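# Coordinate inspection notes
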Amino acid sequence: ETTTGKEKTSTLTIRDLNKKQMYNDVLRCIATWTSPEMFSIESKTNLDTYGMSMAPQSFAESDGSAVLTCLTWSDEPPKSVTWTDGDDDVVLPEENRIEIGDETIVTGSNDVHVFTLKFVTLQSNNQGNYTCDVVFPDDSQDSKETELFYIGVSLEPESPYFFHDVSSNVEFTCLYKGYSEPKRIDWYLDTIEESSRISSNSTYYLIDTSDFDSQLRMQKSVITITTQKEDRNGNYHCQWSVGGKLKSVTATMYLAVRELEATSDVFYSTDGTASMSCSYQYEGEETDIVTHWYKDSELIIPDDSDSDGRYTMRKEPGTQKKTLLYLEISGVTREDNGDYTCEVVENDGDTIRADTQLIVRRATIIADSFNDGQPLVFVDKKRVELQCQLEADKTPSSVQWFYKDTEIADWSRNIQINAISERYNDSSLRYFSNITLINPAEVDGEYRCEFRFQDTNPATVTAAMTTVLGVAAVPDQRCVFLDNKLSSDLNLGWSFEGDIRSVNADLKRAVVYLPNGKAREVEIGDNNRVSYVAHNVDISVSGVYRAEFTMDTTGYPSFGASQRLTIREAKLGGSNSTNRRKQSVVVGTKFSLTCNVTQGAQMIKWYDNTTELDSSSYETTHTTYSEEGLINSTTVQIKLDPNSGPEPRFYTCGGVIYDVHCPAREMFYSRNWKVDVVLAEPIQQPSNGYGYYGERQEFVCVFPDAGDGDSKYNVYWYFNNRMIMPNGDYYEDGKRMIEGEIVSEQGNNTIGTTYTVYKLDERSQGEYQCRASWMNGVSMRSVPAFLAVRRISPMPYALETTNVAQGNNATLSCMAYGDQVADDISIWRQANGTDVELSGLVLTNNSDESDSDEEKWTKGEVSFVQNSLKDYYYCKVNWQESNRTVTLTSGNSSVTSLRVHEPREVDVWGNQGQVVRMECVSDGVLRTTNGSVYRDERTGKPLYTDSTTNWWYKGPSETDWRPVDDQIKYRLESPWIGHFDYLRRSGIMVGPLEDMYADLEFKCSVNYQDDLKHNFYGGNVTQSSHYVLKTSKILQFEMTPDVTPVIVGDIFTLSCMAAGNARIGNGTENAQFRITNDRQDFDESKYEIRNQNVVKHNARLYTSIFEIQTKVPTALYQGQSFYCHVQFITPDGTHENEMMEELTVTTYYNCSDADVSVIGSLTPGQSTDYTDNEGDRTARVVCPDDTASIKYTISENSLAKRESVCTKETGYYSPPYLAKCVEKLAFTYGRYEQLWDMSRIGDQNTKYCTDDAASPFTKAEMTSALTTNNSACGPYPIAPCLMDENDGTECTLDVNNTGCSWDDSTRKLRIFYQVTFDEPVWTIQERRAHTRPAGGTKIKFWDCPVSAENPLKPSKRGRLLNRMVLDGDSDMVTMPDDKMNYSMFGMIGAGVIAIATLLGVVVYNNRRRLPKKRTMVIGEHPDAIEMTDRSTVVTNPALSSA
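Computed from a predicted model, the values in this text were never measured in an experiment.

### A word on the pattern of salt bridges
One pass over the full model with this rule turns up 49 salt bridges. The partner of E1001 in a salt bridge is K954, and the shortest N-O contact between them spans 3.0 Å. Here E1001 is found in strand β84 (residues 1001-1008), whereas its partner K954 is found in strand β79 (residues 947-954), with 47 residues between them in sequence. Across the pair, K954 and E1001 agree in class, each one buried.

### Notes on the nonpolar core
If you look at the biggest cluster of nonpolar residues, it comprises 34 residues, and the most contacted ones within it are W1236, M1238, Y1248, L1309, F1341 and L1361. Those elements that place two or more of their residues in this core are β108 (1227-1237), α1 (1259-1267), β109 (1291-1293), β110 (1299-1303) and β111 (1308-1321). If one sorts the elements of this core by residue count, β111 sits on top with six residues. Setting aside residues no more than four positions away along its own chain, M1238 makes contact with Q1244, Y1248, W1302, R1307, L1309, F1341, L1361 and M1364. In this structure, V153, W187, I198 and C238 belong to the second largest nonpolar core, which totals 28 residues.

### Notes on the sheet that holds strand β17 (residues 205-209)
Strand pairing in a sheet relies on backbone hydrogen bonds, with the paired strands running either antiparallel or parallel. Read across the sheet, four strands follow the order β13-β15-β18-β17 without closing on themselves; strand pairing throughout is antiparallel. The open sheet has two free edges, formed respectively by β13 (151-156) and β17, since each of these has just one partner strand. When the angles between neighbouring strand axes are averaged without regard to direction, this sheet yields 15°. Bridging between β17 and strand β18 (residues 218-225) involves five bridges; their strand directions are antiparallel. Each bridged residue has a counterpart across the sheet, and for Y205 the counterpart in β18 is I225.

### Overview of the state of the cysteines
As enumerated under the stated definition, the model contains 12 disulfides in all. Linked covalently through their sulfurs, C174 and C238 form a disulfide whose S-S length is 2.0 Å. Taking the sign of the S-S torsion, 55° for the link of C174 and C238, the bridge is right-handed. Pair noted here: C174 is in strand β15 (residues 170-178) and C238 is in strand β19 (residues 234-243), with a separation of 64 residues, a long-range link. Looking at C174, the relative accessible area reads 0%, which means it is buried. Here C1249 engages in a disulfide with C1300; their sulfurs sit 1.7 Å apart. Linking C1249 and C1300, the disulfide has an S-S dihedral of approximately 85° and is accordingly described as right-handed.

Here is what the cut-offs are and how they apply
Residues numbered from 1 in each chain as written. Predicted model: local features only at pLDDT ≥ 70, side-chain atom pairs only at ≥ 80, totals over all residues. Heavy atoms only, no water. Salt bridge = Lys/Arg side-chain N within 4 Å of Asp/Glu carboxyl O. Helix = DSSP H or I, 4+ residues; strand = E, 2+ residues; numbered from the N terminus. Buried < 20%, exposed > 50% of the residue type's maximum accessible area, 1.4 Å probe, protein only. Core = buried A, V, L, I, M, F, W, Y, C linked by side-chain atoms within 4.5 Å. Contact = heavy atoms within 4.5 Å. Pairing = 2+ DSSP bridges. Axes fitted to C-alpha atoms, helices over the stretch in contact; angles between N-to-C directions. Disulfide = S-S within 2.5 Å.

If you want it as structure tokens, here you go:
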């Protein structure tokens, strides 16, 4: 709190606001002053918080569904709520699989928004994490995650389980459903504790747990609790341990074991009382139970009482936890016949019932109409007549009469027994047996009649009789009572009885004395009878009448007998008496009757339909008496029994009179007073009738208004004794069975009500009753009116849902029901536009059966072959009435063919060596009309078909099919039925594939077994199409077009064609192509795939075209392998083995842009010519054109040639260089010289070719000798181009360069000459040929003639010079050493040879290291010096100084 002056501030902080929903409300801040007096003010703010919650774990429900719930709270709904799964994919609704819902629970200021994600049928792949992402109205966001477990546990049957058979074992099942297999299952009793765990080894319990079904993801555990366990009641827990976060799941079963049974199926009443009993046995502790007894489904005694009138209930403890429950009835009449139900209601809600039956049997003996319980009197021993009467449920098996315990049948000669029977309206039986004894030996004593039955429950009655023997006058009646005005005349009679012959006399006369004292003689007639007729009988003729018989023989007195005639009259009138002698009385109300008695009576009795009323059933309100104390009149008030029947009541009153003359009590009765009992029967009862399916039907009731002036009343209608809703609808088990309307109105002292059934069907057939009740407790109920519904049953699908093996016979039956048989039935097939009636229909009915009350049926049945997959059929039924024909048409019902499904792909592809699978798919479950699965009514499980599958095959050129055999390799799979499509799949595995399997054809057939209980007609069904075994192949892998060669940087195309099983699914070709370089990967360092395109030629042939650009050459590696991989995806999503084909592609070097260098410096004017040829490139040297003085040559060596080729295989030129164009100057002269060694000849002081030399060896002389054309000296005779045979036309001696020179220090003389060629020469060889003399020729410079024609004679010096020898290799002229001996010469020669050999070896080795060519270019000026085999020669005179 902070305070500033007169201001105070208070701050409230709520932490974690969005985590708590409770604060989403109005906050009030209240400021309170305490001085000078208490005073407060407040301020409000609406706090709107945003928050959400979701359980961290969610589980499957017992019905297999799962619901994830995300709660949010805010003042208005979130902007968005999104559900995502564990892969962050948004979960969207899917029909019949996933439902997404939202609901707002309005609570005022604290609304909760509920968002649900429901999996209708949770699958194993739905298990995982799910997130609820919420965007609130203020754009803030939050999310919660829950983990959904595919797990659930349920009990069969459901809890609570009330087991009503104490003598049997109790068994129930705990069913686990979950993705993971449970670790264990434990059962517990009452508490989940170790001490309460049930052992499976106990004699009390048997526990059977199945293996975990990995396909259905379920496991069952069945517990059996044996009868050896005395108390089996309690809570049983089954707990599955699953591990993980959930740890365990538990289901609890409440079990109570009890039994109620009637101690007898039938109880009998033969003495006017009845006692019925039920035995209730239980386990566990005794509890307070409520007992009810019902008769014909109506409660007899209310809950708050143990007795009601004639009925009494009582309990009697039994042994071994048993209780006997009794119902006792007094005053049993035939109306007590019927079905009784004993009911026990336990405090845990368990209700048990037991049914029994009461049969009433009653017998009486009748001798005369005045039998009032006194002994029977008979005055003659000659004839005895008795009648025994039985009221019972059926005709007795025999009737026996006894006299003094002796069966009268022994007097068979003197006995006559007649028996007749008649039925009451309530179906009970009245049976009469009459006996007449003629001249019995004895008469007095006890008579007994006994009605016997096969069930040993006889009905017996006894009566006594006395006789008076002798002769006497006997009146017909001692006392004659006559109702006033019932007859105009009265005949009184007497008889003279006895054996008159025993007194030896005859009758003489007879006189009748009247009450008024007058006598009348009467004639004695036959059988000694006399009679007197009193005319106009009324009260005045009452009195004593006596007849006397006089004998014709004296000595015998007369015999007389008197009759007292009493004219009596009882007049009965009602409280609203009219001359109609009737009145209407509402049942349950009181009415008054007054009985007036003429001449009085000792007592008055009241009768209801001849049944004397008990004094407790009426109240006497007024009585008058005569002077003699006789009753003259009495008035009573009677209340009608609320359970009175519908018949009108006839009441009479009777007077009882007797006196000393007539001591026997005599009755006289009034005429019937009719009381219309409107309670038991409305004024207008609903009428029995019939109607047709789909029509309306009305029932009308009219009640008398029994409201006693109170207009408040209620009207009810009943169907089969069960109440119809006030709106006219009738429900059973929460489902509307009948739609109707009740309309009631109050008229003049009447209540009218009409019940209308809007649309008749088989559920409408039955009994209809109406009932009216008033506030005064009066209730009226009509008699049931039975409505017969003429119908096709069941509707709307009168024809039973039928399944048939395709192509086999099916049978359809149409049943019509009603109060009479149908006149005609026809069955129709729906066709396109025109429906077709089926022929061959057989019609039967039960019209010949004797029981007329039984509902009539008519059956139409027809058999036919069903080929199509599904056809719809309906039936028509006609009833012919007097003025119309009524036709009922059923709805469509299907006949579904269970078939063998044709393969989607008839070609079965597989790689060689691979195993292929073919599948026979057939319908595995019966289907209903709407196509859904036909399920068992009791268990709800699908009705699977029973069938066997056979496989057949044949070759491509064969016509006959044969069963699969050992000629092929195969394996049959066990068939299984899918849980979603309910198709039976029977697979066959063929392979490993060989060449012989190609184009084999396979097909399957399915033999269905009949299931007539569920209307399934079986038979054999064979696939119409068949599988063809195909081998997947790569047909072609090549370069297209065949581009040769492939140069680096080029784009080439590889085409891979394959045949196989490729199907199009989701728009994607299932033939998958890829290309690699090492069977694994594609080498992107060498290549780039620029484009790939798959061309579909047909459904089985595909080509994949790869456009590939090269990056590097591969020629040095003999090319690069390319592998085409092809894989086909089979229709079930699996991959076939991958096929592979190899192709080698060589990428060559690109020489088209490659240039080659010329070795050394380029000669001016020299160029290179390039020629391209299929990837190769040839470079050639192009030299300048030759001139007169210059000729070009190409200087080749091992590294440089006139032509170099760059090959695509290597990518470089060979040789690596082009040779150089060498300028070759023309040789215009030639020069030759010899070196003369003068050190060993002559005087060592002798000089040559000097100016001071002696003649003729002076320089001038020698020059002249050398330059003069003569025949001996100089070049002319030895130089080839100067010799005469050439006519001197080839060269001219260059005198300026011809001469000699002398080296005095070495005493060497050099002689030389030079010639000028007439035509230049280009080779050294030519120059030598023109210049050098023949081998061994010395240039002669001595003894020279002046001219050629004048030679000189040899001189001494000349002879010495002639001896000198020219070494041809060195052009050295030396003097041979004649003084050397041969030994020395040999040594020197050997040394020279050795040195030469050594030098040769060195030179040889050095030359091995050099290219094996005879010429080597040296230095910067390779054209300047040429090294020959023997000498170095300057080839360019300009460089000779070098």
